[in-house]
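Summary of the model geometry
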Amino acid sequence: MKPAQFDYVAAETLEEALAVLAEAGEDARAIAGGQSLGPMLNLRLAQPEILIDITRAEGIEAGASWSDENLHVGARVSQANLLADPALAARQPLLAAAMPWIGHVQTRARGAVCGSIAHADPAAELPLLLATLGGVAEATSATGKRDIPAEDFFLGMFETALEPEELLTAVRFPQMPAGAGVAFHEVAERHGDFAIVAAAATADASGVTLGLGGVEDKPIVRRWDGLDASGAADAVEALAAELDPQSDPKADARYRRRLVRLIGRDVIGKALERRHAV
Amino acid sequence: MDGDWGIGGSPERVEDAALLTGRGRFIDDMAVPAGALHAAILRSPYPHAEIGDIDASAALAVPGVAAVVTGRDVAALTRPFLVSVRSAIEHYPIAVDRARYQGEPVAVILAKDRYIAEDAAELVEVDYAPLDAVVNPEAALDESAVVLHPKHGGNLAAERSFHYGDPESAFAAARHVLDIEVHYPRSLATPIECMGLLAEYEPAEDVYTVATHFQGPYAIQPVMAMALGVPSNRLRIKTPPDSGGSFGVKQGVAPYAVLMAVAARIAGRPVKWIEDRMEHLTAAGSATNRVVRLKAAVTADGQVTALDWDQIEDVGAYLKAPEPATLYRMHCAMTGAYDIPNLAIRNRVVVTNKTPTGLNRGFGGPQVFYPLEQLMRRIAIALDMDPLDVIRRNLIQPDAMPYMTPSGGRYDSGDYPATVAKAVQEGGLAELIARRDALRKDGKLYGIGYAAAVEPTISNMGYITTALTPEERVKSGPKGGALALAAVSADPLGGVSVSVASTPQGQGHRTVLIQVIADVLKIAPGQIQVSADLDTGRDAWSIASGNYSCRFAGAVASAAHEGAWQLRRHLTRLAAARLDCDPEGIEFADGRVFKADDPGQGFDFRRLAGEAHWAAATMPQGLPATPTFLAAWSPDVLQPPDEDDHINGSAAYGFIFDFCGLEIDQATGEIRIDRYVSGHDAGRVLHQGMAFGQTQGGFVQGLGAALMEELAYDEAGAFLAGTLADYPMPTACEAPDLHVVHSDTPSPVTLTGAKGLGEGTTMTAPVCLANAVCDALGIDTISLPLRPAKIAALIEDRIEGRTT
């Protein structure tokens, strides 16, 4: 279990990282905390010729910042750092509720928020959260920068809309509408494991959004305008019937559908309860 | 040295200072000789395939690669491993012409480092011709099944049937006959440190030396030596001082030791191999999976009068020594903790396209107690009795001790009903029952499970020969016993050095031996130094040496106890001669040896103990000037099997009675364990802290097997559990507190009075938890692992009536 040979570039600046990416393209991979890419290297599932370490690159933000519209999280921000942000519980309560479910204290200390999103594991929490909240991925290359909405970013299992020469330099989580309620729950075999099914819900004055992870090959997001508690069960039941959940030795499609019905309904109910008038 | 060093105290472990400060010396820390090569193993991606040409030219062209060793190279220099049953199944440590399980070694790549070796492994081209694979042991017995070993013919590796008492009449007379079918899955004990070794070959003397944490049984050493074609004394095994857990699994390093010894010979250089986690999960070994059909003859009041076992044991692709030992370890205890006089057993051993099996904590116990204790519960339901009453009605009574089981087991001691009563009382069963009743009124799914079991301690080296017919046994000569050796020496400054071949894997053997010896010699613990690592070229060892079947506290500590007494008797005679008194009048206390009736007259222990070195010429007449005593201990209750196939498989037997309460989340099928209580009688406890640790650890491994662990294969033979993401194990978050209720019936067989206790809860926890789940869901039986998806499907089908 040793990685194949690669060249290691400790990028000092964003520009340097982008220049290497521009030249090497698919032969290069960026690494920050290494909590996703590290195992893939050792399993030789990823065999890049060049590994670009961005953990010290100037020009990539190492702290989260807040504006009236967004929470902005740069590619050097670890999950632990974001979770420790004192404003998180008040301003992004869904992240505050869901992020403790990611791995363990040890993996969150190393794992980067953007790294997990770029890795796009269909059962991971952060891609689900970005999708549910309707966030945006900021892709930067040597030739420019573009915004990719979450709904267009996740293409499939470990697959995103990033081009080979692009780096995910930041993500933005939009500010919650005033009075919105949120809830998160997941079922995993053990504490800290990837979810069998994860469900995130937000409820605001105009309706309800449900996000599901672990079910199909990318996060599923459904919006119901005007949905209230009495309609939640039927809405989720109909959604569950439409889905094509994956099967694996720990959980078959039938179980995943059951969890969608039961915890989907549950998180919607809780989000609605927590919603309040402003 | 802190703590109470008396027997039964909990002194700090002498092992811990080094381990906790990063100064442990594990196999990967051992110095590597100059010129050593690092091995990577190319493994078969197919569960079953003919192997044609192997083209290693591209791999050999990689700078730093020294050699590529194939199955044919190895077969030319070795013989197949000896197995204990007659069969034409040939097992080499690497596939020769045919691979029979996914992950079987196909080639060994030797290079200057492991990275290069793994790079080169990707370049070895193997011409595979895939064959059909069979993974289900019953399907493997079908005439149409693909045959793994054409030389042997068929996939049935061995079969024997046994009759004890008169089971036919008991079944004919039974008021009720109840049965159960169990498909027990595969799991692995998964130590934190994987396997590893450093192999060398010295052609001038034709001596192989392998440094490895091989944990025994050292009966496998001659098997390895014969495979290498050398006498035992030319295969030297040296264990490192520390090993990061084994739970049986590191017995599985034996074939790799042979493989890398030959690779070192071919390459002409030492070879180091460290198993990685993927290799470990795929190919280190596994507990056996087993298909069991068990039938009980039962009286109207719930007394079981006979059992009829039909067992199909799946040992994987080969009979890897010591298999089929998993099947025969429990042969003498197939009636469990119950007084059941009549017994029929049919044992079939089957090969399939899966990893060969081997030692794992609980060795053969879970596969027996799962069906037995599920059946006891089923009897209770059928007879409308309380499951605990069925257990109580059938337990062996204390006045029957020592109790002879129908198949020859000699249970040495114990008060089973009292242990049950104590656990029920102190563990708070009444409270759990009240909670269950209250929660059920609220529509909750709450269940209580029970399991009773005997825990065999100190394996009889002869039990495996029960797999042979009595006639075959006569030909091969009687085998029985469990020899433990301990060398106890007084050193020139009067300290005491102890050496045992117990190859600990982290348990703390050295600490316990200090307790035992300090207690005999009445000296300070700091005066005693114990070495428990082994060099078969220098130290005293025998085939029973090693670390398995809970033999340490009973057997090894007995040998050390005996060695310390030999030294004490010697010093008693020396002191008596010097003081001109009767040996009976000599006493030992507080580091002194003195006259009992005149304590002022005597010697410092240190001075007296050093005399054999300094004053050999002045020894009193008749007293040899020996500072070293080699004690050999083997319990005489461990005889070879008799002509009627009676076998006492173990020297002593602990008793366990577990119960638990758990709640099932009706929505998700997740299990929340409310309380788990283990009533344990392991004889005299030598070290309380370690005893608790062993019980807790055994429980958590049983919990893993119950809830989530399975070495799964798909129908085509592809292995599905190759990483720890696919093979989840319980962590501290998933492990509830274990409530242990100790009873204490000293074993009359061991000199310490101790029995083993490290394996018992691994045997009982799976079925105890399964019985509780069955109770919660109102069902008869369930298979492992108890994954939430499986439980949720049962809830949908049986409780919600939903069939989507």
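Not measured: the values here are computed from a predicted model.

As for the packing of aromatic side chains
Residues and elements named next belong to chain B. Overall, the coordinates contain 18 aromatic pairs over all chains when judged by the stated rule. The interplanar angle of 70 degrees and the centroid separation of 5.0 Å between the aromatic rings of Phe214 and Tyr218 together place this pair among those described as edge-to-face. On the numbers, 4.5 Å between centres and 45 degrees between planes, the contact of Tyr676 with Phe699 is tilted. Remark: Phe699 occurs in helix H19 (residues 688-707) and Tyr676 occurs in strand S27 (residues 671-681); sequence separation between them is 23 residues. Judged by relative accessible area, Tyr676 falls into the buried class, the value being 0%. The residue whose ring lies beneath Lys295 is Phe171, and the NZ or CZ to ring-centre distance is 5.1 Å. A cation sits over an aromatic face here: Lys354 above Tyr713, 5.9 Å from the ring centre.

Examining empty space enclosed by the protein
Residues and elements named next belong to chain B. In total, this model carries 8 cavities of 30 Å³ or more according to the counting rule given. Computed from the structure, the largest cavity encloses a volume of approximately 130 Å³. As for the largest cavity, its lining consists of 15 residues, and the residues nearest its centre are His91, Pro93, Tyr101, Pro255 and Tyr256. The residue makeup of the lining of the largest cavity, split by class, is 11 nonpolar, 2 polar and 2 charged. By volume, the second largest cavity amounts to about 80 Å³. In terms of lining, the second largest cavity is formed by Glu373, Met376, Arg377, Pro387, Ile391, Arg436, Ile448, Gly449, Tyr450, Asn771 and Asp775. Looking at the lining of the second largest cavity residue by residue, the class counts come to 5 nonpolar, 2 polar and 4 charged.

Considerations on the sheet that holds strand S19 (residues 484-490) of chain B
All names here are of chain B. The strand order across the open sheet built from 4 strands is S21-S20-S19-S25, with neighbouring strands paired in mixed fashion. For this open sheet the edge positions go to strand S21 (528-531) and strand S25 (628-633), each flanked by a neighbour on one side alone. Adjacent strand axes in the sheet meet at a mean angle of 20 degrees, parallel and antiparallel pairs treated alike. In the sheet, strand S20 (residues 496-500) pairs with S21 via 4 bridges, with the strands oriented parallel. In the sheet register, Val496 faces S21, and the bridge partner there is Ile528.

A look at the interface of chain B and chain A
On the chain A side, the residues contacting the 33 residues of chain B number 26 residues. Buried surface at the junction of chain B and chain A, both sides included, amounts to about 2,500 Å², of which 49% is carbon and sulfur. Of all residues in chain B, Tyr115, Arg787 and Ala789 of chain B give up the largest surface area on contact with chain A, accounting jointly for 18% of the area buried on that side. Inspection of the chain B/chain A interface yields 9 salt bridges. For Asp119 of chain B, the salt bridge identified is with Arg44 of chain A, shortest N-O distance 2.8 Å. In this assembly, chain B and chain A are joined by 19 residue pairs in polar contact (both at pLDDT 80 or more).

Procedures and definitions
- Residues numbered from 1 in each chain as written.
- Chains lettered and ligands numbered in written order.
- Predicted model: local features only at pLDDT ≥ 70, side-chain atom pairs only at ≥ 80, totals over all residues.
- Heavy atoms only, no water.
- Phe/Tyr/Trp six-rings, centres within 6.5 Å; stacked < 30°, edge-to-face > 60°.
- Helix = DSSP H or I, 4+ residues; strand = E, 2+ residues; numbered from the N terminus.
- Buried < 20%, exposed > 50% of the residue type's maximum accessible area, 1.4 Å probe, protein only.
- Lys NZ or Arg CZ within 6 Å of the ring centre and 35° of its normal.
- 1 Å grid on protein atoms, 1.4 Å probe; cavity = no way out; pocket = protein on both sides within 12 Å on 5 of 7 lines; lining within 4 Å.
- Points joined across faces, edges and corners; volume = space filled by probe spheres on them.
- Nonpolar A, V, L, I, M, F, W, Y, C, P; charged D, E, K, R; others polar.
- Pairing = 2+ DSSP bridges.
- Axes fitted to C-alpha atoms, helices over the stretch in contact; angles between N-to-C directions.
- Contact = heavy atoms within 4.5 Å.
- Buried area = accessible area lost by both parts, 1.4 Å probe.
- Salt bridge = Lys/Arg side-chain N within 4 Å of Asp/Glu carboxyl O.
- Polar contact = N/O pair within 3.5 Å; in protein donor to acceptor, adjacent residues only side chain to side chain.

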